[in-house]
Number of protein chains: 6
Amino acid sequence: MYKIKIILPVATDRYNESVYKEIKGFSLDPRFEFEVESLSHGPISIECEYDCAIASPHIINVAEQAETDGFHGVVVYCFDDPAVKACKEKLEIPVVGAGEAGVHYSTLLGKKFSVLMTIKNAITVTREMVENTVGPGHLASIRVVDIPVAKLDSSADKLFEALLASAKDAICQDHAEALVLGCTGMLGMAEKLQEEISSDIGAFIPVISPGATALHLVQSLVLLNYRHSGLTFMTPPDKIRK
Amino acid sequence: MYKIKIILPVATDRYNESVYKEIKGFSLDPRFEFEVESLSHGPISIECEYDCAIASPHIINVAEQAETDGFHGVVVYCFDDPAVKACKEKLEIPVVGAGEAGVHYSTLLGKKFSVLMTIKNAITVTREMVENTVGPGHLASIRVVDIPVAKLDSSADKLFEALLASAKDAICQDHAEALVLGCTGMLGMAEKLQEEISSDIGAFIPVISPGATALHLVQSLVLLNYRHSGLTFMTPPDKIRK
Amino acid sequence: MYKIKIILPVATDRYNESVYKEIKGFSLDPRFEFEVESLSHGPISIECEYDCAIASPHIINVAEQAETDGFHGVVVYCFDDPAVKACKEKLEIPVVGAGEAGVHYSTLLGKKFSVLMTIKNAITVTREMVENTVGPGHLASIRVVDIPVAKLDSSADKLFEALLASAKDAICQDHAEALVLGCTGMLGMAEKLQEEISSDIGAFIPVISPGATALHLVQSLVLLNYRHSGLTFMTPPDKIRK
Amino acid sequence: MYKIKIILPVATDRYNESVYKEIKGFSLDPRFEFEVESLSHGPISIECEYDCAIASPHIINVAEQAETDGFHGVVVYCFDDPAVKACKEKLEIPVVGAGEAGVHYSTLLGKKFSVLMTIKNAITVTREMVENTVGPGHLASIRVVDIPVAKLDSSADKLFEALLASAKDAICQDHAEALVLGCTGMLGMAEKLQEEISSDIGAFIPVISPGATALHLVQSLVLLNYRHSGLTFMTPPDKIRK
Amino acid sequence: MYKIKIILPVATDRYNESVYKEIKGFSLDPRFEFEVESLSHGPISIECEYDCAIASPHIINVAEQAETDGFHGVVVYCFDDPAVKACKEKLEIPVVGAGEAGVHYSTLLGKKFSVLMTIKNAITVTREMVENTVGPGHLASIRVVDIPVAKLDSSADKLFEALLASAKDAICQDHAEALVLGCTGMLGMAEKLQEEISSDIGAFIPVISPGATALHLVQSLVLLNYRHSGLTFMTPPDKIRK
Amino acid sequence: MYKIKIILPVATDRYNESVYKEIKGFSLDPRFEFEVESLSHGPISIECEYDCAIASPHIINVAEQAETDGFHGVVVYCFDDPAVKACKEKLEIPVVGAGEAGVHYSTLLGKKFSVLMTIKNAITVTREMVENTVGPGHLASIRVVDIPVAKLDSSADKLFEALLASAKDAICQDHAEALVLGCTGMLGMAEKLQEEISSDIGAFIPVISPGATALHLVQSLVLLNYRHSGLTFMTPPDKIRK
């Protein structure tokens, strides 16, 4: 049995159970088990570079402990990929960020895609992450629903309406051909949105759940004995870090 | 039980069994079964644009028949991705090319990667495929082992030596940080090469088997109910095609 | 006397005569003669990747025969450039696609250009062709008139109105500075549209006919003793192709 | 009869006759006649941005006079394209620079090409011209033969040897697949080099003469009633220019 | 005391005094003194490639004289950077163009910026200058206020209104995050516009004055003993330039 | 009197004095005073993404305190720009990273530049920083001297030799035209290296000290009343960050 650690990079365990429930719907491989863990310290949500920076050391702590505890892979369950590169440098098990996973699946399924984001603050970090991952040629736009992370779970209907409206604008105005949710906290939205927007547009529009793709990717890395390159992500040199 | 059709785009069934044996080592999901099929007509190997063009209609035939026969997904098992876009237009089940799959995994695992290719003739088609998939920023080089496809299975030792030499040159001279095999017919090479080159270099170097990644990707698409965008790959209009 | 084969990649000879008549207006070099040939098999029009793939082997057949018959150059007379790369690999006489020709002239004459396309299905193949030819920096937009190829010749007035409207949108909304017709079957349109749109906008707007530019380009290649590089387009290796 | 003005942007008429003789070998269209004119003032050769800047007003003068005199097109006969954009703004007849022409033909004939340049000083201006014309994806390298323009005509043998050596390096070390001469003053070299390098390499390597391609391009523009876009190259506003 | 020559590349001394007054507000370093000089010949304003070409030799003359006269640095005070590269080749003191300076500051302060330009004619030269300086990834748009340079100083109120409207459009429609004035002759506008647009938008929007940034940059180059690379900008070879 | 906080992002005050001494040689503006502060916690040097991530919250703390204390600007004195974006989001005074400053000056002074780096581990973070700052078109190479940060101050002679050797390789093999030190801890090297390498090569080669350029840039931002855009770097939303 392979074990995957899912790190929620937020200093609250309020989402742990609902995320665990969500991933049960991802048709994961029966040879794997998953454990969700949030942070003891840091921001209660990730919505900008400032949050990423503050959460990073705590994400690294959880990731390092997971490797020590014998986990076979780690997923940083946030679209902004906080501390993902640092974890890849330090760990010798596969580490996947939900952002990079979502971006790779989006590019595979559509030539141009849009990100449906929570609030404007995350646009800068997202744009850079996307362009560093697959170049500038695939991002049609980043559209925001203007609902902060902390309100996502109490606003399911409003969120769905806003996602649907943003999805239409992304397709009709920005020429997006696929969509990816810009936050792993938009629980229960991807499949429903995929169905509705595909029906509205009259063509199949994939709506990528970044968390789902990260979990499937990390499974395949473990099973195929792959992980990130030790030349791209060299082991940090020994030194005092106090 | 989900069924995946693996299309070998070559007009010989000489490789069917060995490919089927090879994929048994890919730790695939137990909920899936796989069927390997080659072409009745076309070139006996794919090594250039000319081969791709001649094989394409026959690949499409097999892919269309697979959809009719109730398969849940199709993999075109060749690094040059012949007819993959045409199949995506026509089919409403997931279609994955081994080339695009290998390129996405390589980019995920290393910032710069090299393709280890059979012969020079495939360089032009490969370069374009890589750049169209993830932009020009990730391709360190394409290096050839100078062994044609038809000789791959009878030259295992020579092939491995040539791959190892090319891998070293790619890393040391072209600054590659990850490697991907440029042909799905280099059976039994990826894992062994990954081990040896990592040991030689003193850092983990992922060596991607494009076929393995395509199969894992198509599985995840089926399980997550994703497929290519109907806006990027619109259904071909009805017309006489004689 | 030099002889050029113009391949209409459609399985109907319905357009042969009108295309031949059209090229009479291109002020071609008196030292050349031209022969128009369509396909015996394949789709009756080219409007997507699927059509390209199915037509390709038949295009190659005509092209190879043309070389055998002593023609001095070949033009694939379609904006999507089906099988053009394959033909370049196989032939040792100049081969020019109408798409690449139109794109080079457009880039030469305007910094940003738009393609005026028949129907949406061709957008993906066109976008990639343009970006592979001159990079992503020149394409302002692809706009469609929503008239399929098969209706082009019976809808001259409607087609012209639609082209004019698309041309204005391309210039005013997408900041195009030059235009290229996205189909070689829009007979008799380019010059008239160039006149009208230039007059409307109050500045000279070149409207490129891709077929006309391909014919002038192939003439110059023949006269200057140039053809495609044998390193970019290597001769396909001998093998069984059944 | 159409008339083309060939502007040699150098303040000496020493090359006029030899250039005129050279173009006789370009198999130009019998419906055209050509007139070669050099500058009354300016540098005696163009080898850097400084030379371009000093020659520019004098090039413009000759070009404006050519339009007044009823010429149908203008070619600025220098690979660095000095004043070409300024002339396009001012003139309403086609203007073609030998540099842009050579770059378009090179890109058409090979995916990657190298420029064979006179001396190092021209590298900066050339690199920018190439990248502005067809993007950064096609330039393999710029190699210099280290012979200044003024010595080109008295060093034919040395020049050929140096070109051949540079050509080999460009192909073998920089992976060039086509070549373009970086100076219109390398008279009588292109065809001979094409023959020799193709034979040496064992594959056809096009060696583009930028002047030849500019003349063929300008002919086709005149015959097809095309010229540069009035939106990219807007007419300069009236004002005092003393 | 260090001395900087500010070259106004216009054949009128009508702006010398007002520019000198303007730079007094730039908080320049007390160790420097500045001298403004315009051209004896050339166009009375720079608004297109044609103007740049005609002004260039006269700019070079002033720049060369400044070096001879013992100035420590030169600023070409125009957003289109006319003759800047030629001056860098010839001079061994720092040369800075107001355009490149403005573009570097804009990129530093905002990920995407728009240029607020005088009239449409300058768009082509500006677009190329920006992309050559920091790549294509930063330019959100170029918007024009449609007031020619010669009318700028007599239209202060109208200019400010037009800049403010363009600024809002650039931010709201083109997603600009920073702004740069596209002309050094928009005296007294930058600071006021920065204040007003920031207040309107509700976020700090830097409005870069290209002249101000060029002067600060050239000061730092002088103080740190830096100047442009002699390999990028090689000394022009000796030759007759009459 | 303006006050600038220089943050050394290392958990040791061992370098504070030598850095302060170094900046005395930067000919800074007499209207400014500077204060150097290192971190109480974090790694003792920054050499990879892992170090950046761990140091980031502590850098932010110092930066926020500096703003509270009335400083007018902040420089993060490290070439890898750790926490620079997070600080820009949070602070309303100018924040400049030594990395982005060095890259802008390098691009201004040379078309292609190389980074002379300490150890290999920093290559990935550096490459991404450079490409995000000025696009991929300017980076010739990153070369390492293979001396860790902690040994830099005790290895002055060895460091200089290694820098000189790397500089020559960067210029001769990678075609660099300017150089930038990849670490702000290479004290006393830039000017000396600039002199020696320029003399060796026979052309002026700027060798950028990133710290020096950051200090001059931040001065100009303060004096001109500029800072980063509030749209690129939006104020982090209020939330619990424990």
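Keep in mind the model is a prediction, meaning the values are calculated, not measured.

Q: Can you break down the overall build of chain A residue by residue, with the values?
A: Across its full length, chain A carries nine helices and eight strands. The C-alpha radius of gyration computed for chain A amounts to 17 Å, which stays within 12% of the reference 18 Å derived for 242 residues, consistent with globular compactness. If one aligns the C-alpha atoms of chain A with their principal axes, the spans along those axes are about 55 × 35 × 35 Å. Per-residue burial for chain A yields a buried fraction of 69% across its 242 residues. In chain A, the share of contacts with a sequence separation of at least 24, taken over all contacts with a separation of at least 6, comes to 76%. Just so you have it, chain A exposes about 7900 Å², and 47% of that area is on carbon and sulfur atoms. Positive and negative side-chain charges of chain A, numbering 22 and 32 respectively, have mean locations separated by a distance of 3 Å.

Q: Hey, could you go over the confidence of the model for chain A for me, with residue numbers and the actual values?
A: Model confidence for chain A is summarised by a mean pLDDT of 97, while 100% of its residues fall at 70 or above. Listed scores for the predicted complex are pTM 0.97 and ipTM 0.97.

Q: So, the interface of chain A and chain B: which residues are in play, and what are the values?
A: In this complex, chain A contributes 50 residues to the contact, which on the side of chain B involves 50 residues. When residues of chain A are sorted by the area they lose upon contact with chain B, Leu-108, Phe-204 and Tyr-226 of chain A head the list and together hold 17% of the total. The tally of links from chain A across to chain B stands at zero salt bridges. Taken together, chain A and chain B are joined by 29 residue pairs in polar contact (both at pLDDT 80 or more).

Q: Run through the sheet that holds strand β2 (residues 32–38) of chain E, naming residues and quoting values.
A: Residue and element names in this part refer to chain E. Pairing within the open sheet is parallel, and its four strands lie in the order β2-β1-β3-β4. Sheet topology places β2 and β4 (95–97) at the edges, where each strand pairs with a single neighbour. Averaged over neighbouring strand pairs, the angle between their axes works out to 20° when direction is ignored. Of the strand pairs in this sheet, strand β1 (residues 2–8) and strand β3 (residues 73–76) are connected by four bridges, and their pairing is parallel. Across the sheet, residue Ile-4 finds its bridge partner in β3, namely Gly-73. Packed onto the sheet, helix α1 (residues 16–24) meets β1 and β2 and runs at close to 155° relative to β2. Taken strand by strand, helix α9 (residues 210–224) contacts β1, β2, β3 and β4, and its axis lies near 145° from that of β1.

Q: Now, about the pairing of strand β6 (residues 139–144) of chain C: what can you tell me, with residues and values included?
A: Residue and element names in this part refer to chain C. Direction of pairing for strand β5 (residues 113–117) relative to β6: parallel, over a ladder of five bridges. What sits directly across from Val-115, in β6, is Ile-142. As for the winding sense of the linkage, the β-α-β connection from β5 through helix α5 (residues 123–134) to β6 is right-handed.

Q: Account for the arrangement of the chains, naming residues and giving values.
A: You won't find any contact between chain B and chain E; their C-alpha atoms come no closer than 14 Å. Regarding chain C and chain F, which are not in contact, the minimum distance between any of their C-alpha atoms is 14 Å.

Q: Pulling in residues and values, what's your account of helix α8 (residues 190–201) of chain A?
A: Spacing of three or four residues puts side chains on the same side of an α-helix, whose turn is 3.6 residues. Residues and elements named next belong to chain A. For α8, spanning 12 residues, the distance from its first C-alpha to its last is 16 Å, which sits close to the expected 16 Å at 1.5 Å a residue. All of the buried residues along α8 are Ala-190, Leu-193, Gln-194, Ile-197 and Ser-198. Mapping the buried residues of α8 onto a view down its axis gives an arc of 120°, with all of them on the same face. Summarising the geometry of α8, the exposed residues directed more than 90 degrees from the buried face are Glu-195 and Ser-199.

Q: Explain the relation of the copies chain A and chain B residue by residue, including any values.
A: Mapping chain A onto chain B leaves a residual RMSD of 0.0 Å; the transformation is a rotation of 180° accompanied by 0.0 Å of translation along its axis. What the superposition gives is, in effect, a two-fold axis relating one chain to the other.

Conventions used here
- Residues numbered from 1 in each chain as written.
- Chains lettered and ligands numbered in written order.
- Predicted model: local features only at pLDDT ≥ 70, side-chain atom pairs only at ≥ 80, totals over all residues.
- Heavy atoms only, no water.
- Helix = DSSP H or I, 4+ residues; strand = E, 2+ residues; numbered from the N terminus.
- Rg over C-alpha atoms; globule rule 2.2 N^0.38 Å.
- Buried < 20%, exposed > 50% of the residue type's maximum accessible area, 1.4 Å probe, protein only.
- Contact = heavy atoms within 4.5 Å.
- Areas by Shrake-Rupley, 256 points an atom, 1.4 Å probe, with all protein chains shown as cover.
- Lys, Arg positive; Asp, Glu negative; His and termini not counted.
- Charge placed at Lys NZ, Arg CZ, Asp CG, Glu CD.
- pLDDT = per-residue confidence, 0-100.
- Buried area = accessible area lost by both parts, 1.4 Å probe.
- Salt bridge = Lys/Arg side-chain N within 4 Å of Asp/Glu carboxyl O.
- Polar contact = N/O pair within 3.5 Å; in protein donor to acceptor, adjacent residues only side chain to side chain.
- Pairing = 2+ DSSP bridges.
- Axes fitted to C-alpha atoms, helices over the stretch in contact; angles between N-to-C directions.
- Right-handed = clockwise from strand over helix to strand, strands pointing away.
- Expected span 1.5 Å × (residues − 1).
- Arc of directions from axis to C-beta.
- Least-squares fit on C-alpha atoms with pLDDT ≥ 70 in both.

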